[in-house]
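Structure at a glance
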Amino acid sequence: MHRTENIKEFAVIGYPLDQSMSPILHAEVFNQLNINATYRKIEISKQKFFSQLSQKYIKKLTGFNVTTPHKKLIMDKLDFLDPIAEKIGAVNCVLIKEGELKGFNTDYFGFDMSLKKNNIEVNGKSVLLLGAGGVSFSVVYALIKNKTSKIVIKNRTENKINSLIDRFGSVNKHLEMSKYDESYHSLNSFDIIINCTSVGMYPSIEYSPISSNQILPKHTIIETIYNPIKTQLLKGSKLNGAKVFDGLDMFIYQGLASLDIWLNENISETIKYQNLKKKITNQLC
Ligand code: ATR
């Protein structure tokens, strides 16, 4: 029997959180490794985010994940910012120590690990990136680390594309970064297409960020969405003969890396990964 006074409390903070499987992921890790801890969802809207952060129920957490729409906002309220999170410009993991908030980015690590786990080679490749929100910043950082040569960004809101290009466009002379425009008559010049938008995420699972008619057998399609596992984009792309990868490995690895930070342990290497993945898959549609 666990002693309640030693229980560590964790949470994910965002809005909305219907789609989040983080409590299931962490409950399974706690169970497998006999860790005395809880993990819950805390829904806070953009308007109430700053006022809630200083409340007692947040301050007593050992750590929390930050998700849409707070990954950039949180950076203004931290006492310490990890240098990698600073380079990326987004925080998805916060450690609370002696009342101080310390911000990290584990999304980039999750994406990097999912490339490795699935043997996806991005070195020298041309990427079409869909979306320019918080996740896009982490994905671009991982792509640059893995020597992608060209990143073209397509997003509904244009000024967010400029922010991405301003941050990363000049950091590597072998990288070309630009906006997608009408001069691309087809997607033939791209090797890899990555969805970093929330289009197609539960509960709006019938939508796709681009028409799968445009997808070619030469393409590798990578989702950052994991709920549902097979999004409309992945289903249509697979029918067109493309190689497709869901967002589940990225999700699991960002969660494990968060635990490594919070507990100062090497949980991502000690966990039985396939058992954990199976548990989560069973809960998803
Ligand atoms: P995250 O931190 O998960 O990236 P976000 O910052 O809210 O979340 O970004 C969500 C991404 O999905 C953005 O690129 C957003 O486009 P805008 O920058 O135009 O808001 C994109 N997105 C969300 N809903 C969309 C929709 N209905 N059509 C097109 N793009 C959408």
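Described below are features of the structure shown in this document. Given the structure is predicted, the values throughout are model-derived calculations rather than measurements. (Residues numbered from 1 in each chain as written. Predicted model: local features only at pLDDT ≥ 70, side-chain atom pairs only at ≥ 80, totals over all residues. Heavy atoms only, no water.)

Notes on the packing of helix α1 (residues 22–33) against helix α9 (residues 248–263)
For any two helices packed against each other, one specifies the crossing angle of their axes together with the interaxial distance. Running from N to C, α1 and α9 cross one another at 55°; their axes reach a closest spacing of 10 Å. The angle between the axes of α1 and α9 places the two elements in the oblique class. Considering the relative orientation of α1 and α9, their crossing is right-handed. Every residue of α9 that contacts α1 at Ser22, Leu25, His26, Val29 and Phe30 is listed here: Phe251, Ile252, Gly255, Leu256, Leu259 and Trp262. Taken together, the residues of the contact of α1 with α9 break down into 8 nonpolar, 3 polar and no charged. (Axes fitted to C-alpha atoms, helices over the stretch in contact; angles between N-to-C directions. Helix = DSSP H or I, 4+ residues; strand = E, 2+ residues; numbered from the N terminus. Parallel < 35°, antiparallel > 145°, perpendicular 65-115°, else oblique. Left-handed = near helix turned anticlockwise from the far one by under 90°. Contact = heavy atoms within 4.5 Å. Nonpolar A, V, L, I, M, F, W, Y, C, P; charged D, E, K, R; others polar.)

Digging into the side chain of Asn105
The topology assignment puts Asn105 in the loop between β6 (100–104) and α5 (107–117). When its relative accessible area of 6% is taken as the criterion, Asn105 is described as buried. For Asn105, the side chain forms a polar contact with the main-chain nitrogen of Asp107, separated by 3.0 Å. In this structure Asn105 touches Ala85, Ile88, Ala90, Asn92 and Ser138, once residues within four positions along its chain are discounted. (Buried < 20%, exposed > 50% of the residue type's maximum accessible area, 1.4 Å probe, protein only. Polar contact = N/O pair within 3.5 Å; in protein donor to acceptor, adjacent residues only side chain to side chain.)

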